[in-house]
Amino acid sequence: MQRLLILDRTEPESKGVAIIEGILTGEAPFEVKNAIEATLATVQQELNTSPRYEVVRARERLKGGLFSQQFPQPLTWDQIDALCSAYGADGVLALEKFSSDFVVTDKKARIKKTVGEGKDATTVEVDGIYAEGVAQVQVGFRFYDPANRNIADQVDVSKTNLWSAEAETRAQALALMINKVRATQIVGQMAGAAYARRVAPMFLTISRTFFHKSKTNPALAYGARLAEVNKWEEAMDAWTTALDGDNDEKTAAKLAYNIAIGHEVLGNLELAQDWAGIAYTRYGLKKGRTYANDLTRQILANEQVRQQLAGD
């Protein structure tokens, strides 16, 4: 599958029943619709950052599982074929159920308050109210593969987030609290992002820390300064040359570890893994073992991505 259709399948089967269910659960259908839109928009946005799929959004909203804890019956393959034909897609990702909850609790607490102004301002503790709001969404996605007449994925995604506020009175604390509509949208976005990362490879930023100083070999610091201005080839030369000289075990370990970082930055994960292993096995640097294991997982993940993108 290359061109993926994103579909909202949460139209209530009966608007009257949906309104009653919304009243019972405290969820207004129009409020939930905004959260559903935020969820699907995030799925589309996240998938657009991946090289895996070309993404298109369906204009229609089909009947499905609003407020439901169970998936509705799958769409028929005739329906899927018709949607794919209409949008030039060869796969359908459908949001098929959505439910949410937002609970606010409060308790008495001692809170800090600023009294006075300017130089006379001081902070004191007074009796007040501490409030917490917890938003949760549970959404259900289905991934239809029409070429193989197969539901490639069907999963519930649940996300929760907490907000807090404090003030002297309950009314003031609640006024400072995020409102239910916005909270549900944010947690829906979290669920959408999580699902997108489940079905497509994403670019991630990885942070690494390398050694900057050595009491016995100034070449370590010199190479670090070169690396800081993105002259990695020159930094690698400095560290490699320094490692060929006389070094205490601690300094040699730092040099080997930095060389591993350099190989990763320059795109050679296998050599980076080798040098991280040398930092641990030859010089006893425990960080080298952890780094080598991280690189092993990264190499496997990269191979998986190459397989997923093999048809592109």
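Residues numbered from 1 in each chain as written. Predicted model: local features only at pLDDT ≥ 70, side-chain atom pairs only at ≥ 80, totals over all residues. Heavy atoms only, no water.

For the rest of this paragraph, the subject is unusual backbone geometry. For Arg-149, which is not glycine, the phi torsion reads 50 degrees and is therefore positive. Relative to the assigned elements, Arg-149 resides in the loop between strand E5 (122-145) and strand E6 (150-167). A positive phi is found at Asn-230, a non-glycine position, where the angle reads about 65 degrees. (Helix = DSSP H or I, 4+ residues; strand = E, 2+ residues; numbered from the N terminus.)

Quick look at the side chain of Thr-39 now. With respect to the helices and strands, the residue Thr-39 is situated in helix H2 (residues 29-48). Looking at Thr-39, its side chain comes within polar contact range of the main-chain oxygen of Ala-35, at 2.9 Å. Among the polar contacts made by the side chain of Thr-39, one reaches the main-chain carbonyl oxygen of Gly-188 at a distance of 3.2 Å. Setting aside chain neighbours within four positions, we find Thr-39 in contact with Leu-95, Phe-98, Phe-141, Gly-188, Gln-189 and Gly-192. (Polar contact = N/O pair within 3.5 Å; in protein donor to acceptor, adjacent residues only side chain to side chain. Contact = heavy atoms within 4.5 Å.)

Relative to the elements of secondary structure, Trp-239 occurs in helix H7 (residues 232-243). Trp-239 sits 15 residues away from Lys-254 along the chain, and the two C-alpha atoms are 9.3 Å apart. If near-sequence neighbours (up to four positions away) are discounted, Trp-239 is found in contact with Ala-219, Leu-220, Gly-223, Ala-224, Ala-227, Trp-232, Leu-255, Asn-258 and Ile-259.

Once that is clear, we can look at the packing of aromatic side chains. Tallied over the full model, the rule gives 8 aromatic pairs. Residues Tyr-53 and Phe-143 carry aromatic rings whose centres are separated by 6.1 Å and whose planes lie at 50 degrees to one another, so their mutual orientation is tilted. Residue Tyr-53 is located in the loop between H2 and strand E2 (54-63), and its partner Phe-143 is located in strand E5; the two are separated by 90 residues in the primary sequence. Of the two residues, Tyr-53 and Phe-143, neither departs from the other in class, the shared state being buried. (Phe/Tyr/Trp six-rings, centres within 6.5 Å; stacked < 30°, edge-to-face > 60°. Buried < 20%, exposed > 50% of the residue type's maximum accessible area, 1.4 Å probe, protein only.)

What follows concerns the side chain of Asp-153. Summarising the element assignment, Asp-153 is placed in strand E6. Of the residues examined, Asp-153 reaches a relative accessible area of 13% and is grouped as buried. Only 2.8 Å separates the side chain of Asp-153 from the side chain of Tyr-195, close enough to count as a polar contact. Apart from residues no more than four positions distant in its own chain, Asp-153 is found in contact with Phe-141, Arg-142, Phe-143, Tyr-195, Arg-198 and Val-199.

Another point: the domain arrangement of the protein. For interface size, the figure often reported is the accessible area lost on association. Partitioning the protein into structural domains gives domain 1 (2-99 + 141-159 + 179-199) and domain 2 (218-311). Distance from the C-alpha centre of domain 1 to the C-alpha centre of domain 2: 43 Å. (Domains from an automatic or database assignment.)

The next point concerns the packing of helix H8 (residues 249-265) against helix H9 (residues 269-281). At their nearest, the axes of H8 and H9 sit 7 Å apart, and the two run at 165 degrees to each other. Considering their axes alone, H8 and H9 lie roughly antiparallel with respect to each other. Considering only the axes of H8 and H9, their crossing is left-handed. In this structure, H8 uses Ala-253, Ala-256, Tyr-257, Ile-259, Ala-260, His-263 and Glu-264 to contact H9, whose residues at the interface are Leu-269, Leu-271, Ala-272, Trp-275, Ala-276, Ile-278 and Ala-279. Looking at the contact of H8 with H9 residue by residue, the classes come out as 12 nonpolar, 1 polar and 1 charged. (Axes fitted to C-alpha atoms, helices over the stretch in contact; angles between N-to-C directions. Parallel < 35°, antiparallel > 145°, perpendicular 65-115°, else oblique. Left-handed = near helix turned anticlockwise from the far one by under 90°. Nonpolar A, V, L, I, M, F, W, Y, C, P; charged D, E, K, R; others polar.)

What follows is about helix H3 (residues 77-87). Within the span of H3, buried status applies to Ile-80, Leu-83, Cys-84 and Tyr-87. On an axial view of H3, the arc spanned by its buried residues comes to 95 degrees, and they lie on one face. Of the exposed residues in H3, those oriented more than 90 degrees away from the buried face are Asp-78, Ser-85 and Ala-86. Close packing links the buried residues of H3 with strand E1 (3-11), E2, strand E4 (91-115) and E5. Immediately downstream of H3, the backbone of Gly-88 shows phi near 65 degrees, a positive value. (Arc of directions from axis to C-beta.)

This brings us to the packing of H7 against H8. Packed helices, taken two at a time, are described by the angle their axes make and the gap between the axes. Packing of H7 against H8 leaves a shortest axis separation of 9 Å and a crossing angle of 150 degrees. If you check the angle between H7 and H8, you find them roughly antiparallel. Both H7 and H8 take part in a crossing whose hand is left-handed. Together, Trp-232, Met-236, Trp-239, Thr-240, Ala-242 and Leu-243 of H7 and Ala-252, Leu-255, Asn-258, Ile-259, Ile-261, Gly-262, His-263 and Val-265 of H8 make up the contact between the two elements.

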